[in-house]
Amino acid sequence: MTALPALELVSAELAARAARDPHRPAFHFTAPAGWLNDPNGLTQRDGEYHLFYQFNPDAPVHHRIHWGHAVSTDLVHWRDLPIALTPSAGPDEDGCWSGVLVYDGEVPTIVYSGRHGDRELPCVATGSADLVEWTKEPANPVIAAPPAGVDVTAFRDHCVWREGDVWRQLIGSGIRGQGGTAFLYESPDLRAWTYVGPLLVGDSSDGEPGAPDWTGTMWECVDMFRIGDGDAAGPDILVFSAWDDGVTHHPLYWSGRYEGDRFTPSALHRLDLGGRYFYAPQSMRDESGRRLLFGWLQEGRPDSAAVEAGWSGVMSLPRVVTAAPDGSIRQSPAPEVDALRAELLLDKAVVLDEEPEHITAGNQLDIELRLVLADGGAATIALRATDDGAEQTLLRLRRTGRTAELSLDRSRASLDPAVDTDARAGSVPVGADGAIDLRILIDHSALEVFAGGVPLTARVYPTRRDALGVWLSGDAARADVRAWAMAGVGRQQVPGA
Ligand code: DQQ
């Protein structure tokens, strides 16, 4: 029996409730209703991008996770395809958790974590050539248990690649008393796996659990890639999401070198200054050789509010990842996002002073700002702001030499006392001329900011309908600003799917 697409699986009542929510983004990908979390199985096939995602059609809570499936030719307009994986009696009875898609010769193959009871084990499913129908391997799980003799904190999520004539995979885990890790396995056929050893082990005693670069006691959604080829290749990048005892902390990455059976790190970096608001990212190399990255924008309102809204979870816009000269990576929205610019609202140079200047308004905006700050200079951008300032989300930048501190102040972002208002901050690069290229994408409750290629993602939930203003202020600063109203992407289904 062919599975149903997401929109046909959710109840009409839930979908209607979700559609009415003013906090629901219009140009980010979301589930039609219910729950969405991690991006999975990213691939481009015959020119079409496939986005699978962790999905619960029944309610906006993380429970009995399915693999939703959507397809796009332009990375911004997505069509629903039938659900790829549904929990069924056996090792994924309680959920089809995160994983990846690889091509075993001509056979599309998903490697994912089947959840049964309170544990997850690696499972495999094979797909039709069009990636629409999936058949689970009768021999699931393909690995019966975590490595013998290792006391693990958890064991799930997969990064799989072909190396010479074998398959290799990383499984996210943690060694109790030591730290997060990625276990390396090898297989001739994606079914029989031999444990090789830990690729790298973190140290959870290093730093405070609250610190934005704490590596956690378990690494979720490990993802390893190299940007570029041959002599032009950048460092190897090992991405993971730091987790501890049920708490999703933040995504980090090691830059370094993968060689033999080990990863030798040279530095640890924050992947997104927004922390848990860009969680469990997965990347893919597309047919043109770009490294694309998607992540899950978690909610910042209480579970009860999401349940009432009928939906939870936003997929990030697609990001292009490039290597920076210092060994870190830079991220920017894929150029395809520009196609959603519906109307140019503003194109002007502004000299900033203490008095905030109203420059534009909207809750679906793309703002490009080239901000030139004197050393020690600062600028503030107020977003989703009411004229009386009762609600406003503030982005601040303060330059010191060749870096600037970017901070997000949500203390007045919402009059709703229940939503998350924690601050976020981190360092971003400044050009030799003192300029910072900023890109700010506002999509109702979803906020993605890129400053010199360093992202800061968050969620905001203003209560007032007039919380739309964008204001600029600063000292020793000027800005070239362009802003566009962004079109929504709607939702399409494959007829008869
Ligand atoms: N979400 C998945 C897990 C993963 C976590 C389950 C990260 O496989 O570890 O939905 O958000």
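Residues numbered from 1 in each chain as written. Predicted model: local features only at pLDDT ≥ 70, side-chain atom pairs only at ≥ 80, totals over all residues. Heavy atoms only, no water.

## Quick look at the sheet that holds strand E13 (residues 218-226)
Note the following rule: A pair of strands is considered paired only if DSSP assigns at least 2 bridges between the two. Secondary structure elements follow DSSP: runs of H or I no shorter than four residues count as helices, runs of E no shorter than two count as strands, and numbering proceeds from the N terminus. Axis geometry follows a simple rule: fit a line to the C-alpha atoms, using only the stretch in contact for helices, then measure angles between N-to-C directions, giving values from 0 to 180 degrees.
Pairing in this open sheet of four strands is antiparallel, and the strands run E13-E14-E15-E16 from one edge to the other. Strands at the two margins of the open sheet, each flanked by one partner only, are E13 and strand E16 (262-270). Averaged over all neighbouring strand pairs, the angle between strand axes comes to 30 degrees, with direction disregarded. Sheet analysis places strand E14 (residues 236-244) next to strand E15 (residues 247-259), joined by nine bridges and oriented antiparallel. Opposite Ser241, over in E15, you have Pro251 as the bridge partner.

## Some details on the sheet that holds strand E6 (residues 107-116)
Here we have four strands laid out as an open sheet, ordered E5-E6-E7-E8, and antiparallel in their pairing. This sheet does not close on itself; its edge strands, each paired only once, are strand E5 (95-104) and strand E8 (134-136). In this sheet, neighbouring strand axes are inclined to one another by 30 degrees on average, regardless of whether the strands run parallel or antiparallel. Where strand E7 (residues 119-127) and E8 come together, three bridges link them in antiparallel fashion. Counted as the bridge partner of Ala125 is Lys136 from E8.

## Section: the site of the ligand
Counted only if it meets this: Nearness is judged by heavy atoms alone; a residue qualifies as near a molecule or strand once a single heavy atom is within 4 Å of it. The term polar contact refers here to a pair of N or O atoms within 3.5 Å; inside protein, the definition further demands a hydrogen-donor-capable atom paired with an acceptor-capable atom, and it admits residues adjacent in sequence only when both atoms are side-chain atoms. To be clear on the numbers: accessible area is Shrake-Rupley with a 1.4 Å probe, and residue cover counts the displayed protein chains and nothing else. Polar here means any residue outside two lists: the nonpolar Ala, Val, Leu, Ile, Met, Phe, Trp, Tyr, Cys and Pro, and the charged Asp, Glu, Lys and Arg; Gly therefore counts as polar.
Every one of the 13 residues lining the ligand counts as a neighbour, but Asp38, Gln54, His62, Asp157 and Glu220 are closest to it. The side chain of Glu220 places a nitrogen or oxygen atom 2.7 Å from an oxygen atom of the ligand. The fraction of the free accessible surface of the ligand (310 Å²) that becomes covered by protein chains is 96%. Counting only elements with at least two residues in the shell around the ligand, the list comes to strand E1 (34-45), E5, strand E9 (152-163), E13 and strand E17 (279-285). Within the shell around the ligand, the residues separate by chemical class into five nonpolar, four polar and four charged.

## Some details on unusual backbone geometry
To keep it simple, the criterion reads: The buried label applies to any residue whose accessible area, calculated with a 1.4 Å probe on protein chains only, is under 20% of its type's maximum; exposed applies above 50%, and partly exposed to all values in between.
Residue Asn140 is joined to Pro141 through a cis peptide bond whose omega torsion reads -5 degrees. Locating Pro141 in the fold gives a position in the loop between E8 and E9. The phi dihedral of Arg384 is positive, around 45 degrees, even though this residue is not glycine. Mapped onto the elements, Arg384 comes out in strand E25 (residues 364-385). One non-glycine residue, Ala476, lies in the positive phi region at around 50 degrees. Position of Ala476 among the secondary structure elements: in strand E32 (residues 469-486). Among the residues examined, Ala476 registers a relative accessible area of 46% and is labelled partly exposed.

## Describing the environment of His444
Quick note on the threshold: By definition, residues are in contact when any of their heavy atoms lie within 4.5 Å.
Relative to the helices and strands, His444 is located in the loop between strand E29 (435-443) and strand E30 (446-451). Sequence separation between His444 and Tyr461 is 17 residues; the distance between their C-alpha atoms is 7.9 Å. Setting aside residues no more than four positions away along its own chain, His444 makes contact with Pro22, His23, Arg24, Pro25, Ala26, Asn363, Gln364, Arg384 and Val460. A polar contact of 3.0 Å, which involves the side chain of His444, links it to the backbone oxygen of Pro22. Within the structure, His444 has its side chain in polar contact with the side chain of Gln364 (distance 2.9 Å).

## Things to note about the nonpolar core
The following threshold applies: Remark: nonpolar core denotes a set of buried residues (Ala, Val, Leu, Ile, Met, Phe, Trp, Tyr, Cys) joined through side-chain atoms within 4.5 Å.
Residues Phe29, Tyr53 and Trp78 are the most contacted members of the largest nonpolar core, which totals 49 residues. Ranked by the residues each element gives to this core, the list is headed by strand E18 (residues 291-297), at five residues. With residues near it in sequence (within four places) discarded, Phe29 still touches Leu36, Leu51, Tyr53, Ala70, Trp78, Val314, Met315 and Arg491. With 37 residues, the next largest nonpolar core counts Ile381, Val449, Ala451 and Val470 among its residues.

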